[in-house]
Amino acid sequence: MNQKFYTILVYSENVAGVLNQVTAVFTRRQVNIESLNVSASSIKGIHKYTITCWSVPDEIERIVKQLEKKIDVVKANYYTDDELFIHEVGLYKISTTALLNNPEISRAIRRHDARMMEVNPKYSTVLLAGLTEDIADLYNQLNVYNCLIQYSRSGRIAVTRSFEEPVTDFLNEQEQL
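In this text, all values refer to a predicted model and were calculated from it rather than measured experimentally.

Let's shift gears to the overall build of the protein chain. Helix and strand content of the protein chain: 6 helices and 9 strands. Projected onto the principal axes, the alpha-carbon positions of the protein chain cover approximately 65 × 40 × 30 Å. Looking at the protein chain residue by residue over its 177 residues, the buried ones come to 40%. Sequence-distant contacts in the protein chain: of pairs separated by 6 or more residues, those separated by 24 or more amount to 74%. Taken as a whole, the protein chain presents about 10,400 Å² of accessible surface, with 50% of it coming from carbon and sulfur. For the protein chain, the centre of its 19 positive side-chain charges and the centre of its 22 negative side-chain charges are spaced 6 Å apart.

Below, the structure is given as structure tokens:
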């Protein structure tokens, strides 16, 4: 069966050790995490884990069920890209000398609507926010010009296309009990 790319959103209480429990589920199933981002959610005291991986439907369902069994996990769901609004950030540190000597480098930066963060005599820092493909494309173009000094990409951040976070309904139901 062909693997698909999934984004899993996990909501948990802000307790030490939850990240280890979450990643252990993937390790036991030998599923590689492509990206992982953890931050506070819109709900006080609840943290949101945005995890991406390649998997098959049956396996992703088992992973989500195992995640929800963890005592500090409030809710977990999996999504395909069409069910989410997705964003990433890329930071590129490039040689200022190369930038000044090759106009194609600045054209590539402008074509991607990237932002110059800092320019000094040794290096320039470029910021690009967008889809994973856009971040990777700018990296590939800058790499061709042999001007990259450093590169870093954030993990995916995502929100569902629904009105509320899925965990909101779950928490409201729990309050009713």
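So much for the structure itself; the text now carries on.
Reading across from one edge, β2-β3-β1-β4 is the order of the 4 strands in this open sheet, with antiparallel pairing throughout. Every other strand in the sheet has two partners, leaving β2 (33-40) and β4 (73-79) as the edge strands with one partner each. Across the sheet, the axes of successive neighbouring strands diverge by a mean angle of 15°, strand direction being ignored. Helix-sheet contacts for helix α2 (residues 57-69) involve β1 (4-13), β3 (46-55) and β4, and the interaxial angle to β4 is about 165°.

Closest axis-to-axis distance for the helix α4 (residues 103-111)/helix α5 (residues 132-144) pair is 10 Å, and the angle between their directions is 175°. Between α4 and α5, the interaxial angle falls into the category roughly antiparallel. Contacts between α4 and α5 involve I105, A108, I109 and R111 on the former and, on the latter, L138, Q141 and L142. Class assignment of the residues belonging to the contact of α4 with α5 gives a composition of 5 nonpolar, 1 polar and 1 charged.

Moving on to the side chain of E88. Looking at where E88 falls in the secondary structure, it is placed in strand β5 (residues 84-95). Of note is the side chain of E88, whose polar atom sits 2.7 Å from the side chain of T132.

This part takes up the side chain of H112. Its location among the elements puts H112 in the loop between α4 and β6 (115-119). A polar side-chain atom of H112 sits 2.9 Å from the main-chain carbonyl oxygen of A108. What H112 contacts, discounting residues up to four positions off in sequence, is L128, D134, D137, L138 and Q141.

This brings us to helix α1 (residues 18-28). Restricting attention to buried positions, one finds in α1 the residues V18, V22, V25 and F26. Mapping the buried residues of α1 onto a view down its axis gives an arc of 95°, with all of them on the same face. Opposite the buried face of α1, by more than 90 degrees, sit the exposed residues N20, T27 and R28. For α1, the secondary structure elements touched by its buried residues are β1, β2, β3, α2 and β4. Trailing α1 by a residue or two, Q30 shows a phi angle of about 55°, which is positive.

Before going further, it helps to examine the environment of R29. Tracing the backbone shows R29 in the loop between α1 and β2. A relative accessible area of 29% means that R29 is categorised as partly exposed. Considered as a pair, R29 and E59 are 30 residues apart in the sequence and their alpha carbons are 8.3 Å apart. In this structure, R29 is in contact with E59, R62, I63 and Q66, ignoring residues within four places of it in sequence. Separated by 3.1 Å, the side chains of R29 and Q66 make a polar contact.

Parameters at a glance
Residue indices follow the written sequence of each chain, beginning from 1 at its first position. For a predicted model such as this one, the threshold for reporting local features is a pLDDT of at least 70, and the threshold for listing and counting side-chain atom pairs is 80 or more; totals across whole chains, interfaces and linings nevertheless cover every residue. As a rule here, side-chain values cover all heavy atoms of the structure and leave hydrogens and water aside. Helix and strand assignments come from DSSP, with helices taken as H or I runs of at least 4 residues and strands as E runs of at least 2, each series counted from the N terminus. Three labels apply to residues, based on accessible area from a 1.4 Å probe with only protein chains included: buried if under 20% of the type maximum, exposed if over 50%, partly exposed otherwise in between. Working rule for contacts: check all heavy atoms of both residues, and any pair within 4.5 Å makes them a contact. Accessible surface area values rest on a Shrake-Rupley calculation with a 1.4 Å probe, where residue burial reflects the displayed protein chains alone. Charge counting follows a simple rule: Lys and Arg are positive, Asp and Glu are negative, and His as well as the terminal groups are ignored. By convention, the charge on Lys lies at NZ, on Arg at CZ, on Asp at CG and on Glu at CD. When DSSP finds two or more bridges between two strands, those strands count as paired. For every element, the axis is a line fit to its C-alpha atoms; helices are fit only across the contacting stretch, and the angle between N-to-C directions ranges from 0 to 180 degrees. Every angle not falling under 35 degrees, over 145, or within 65 to 115 is termed oblique; those three ranges are roughly parallel, roughly antiparallel and roughly perpendicular. Note on residue classes: Ala, Val, Leu, Ile, Met, Phe, Trp, Tyr, Cys and Pro are nonpolar, Asp, Glu, Lys and Arg are charged, and everything else, Gly too, is polar. Side-chain atoms alone can form a polar contact between residues adjacent in sequence; in general such a contact is a pair of N or O atoms within 3.5 Å, and within protein one must be able to donate a hydrogen while the other accepts it. Think of it as the arc spanned by the lines of direction from the helix axis to the C-beta atoms.

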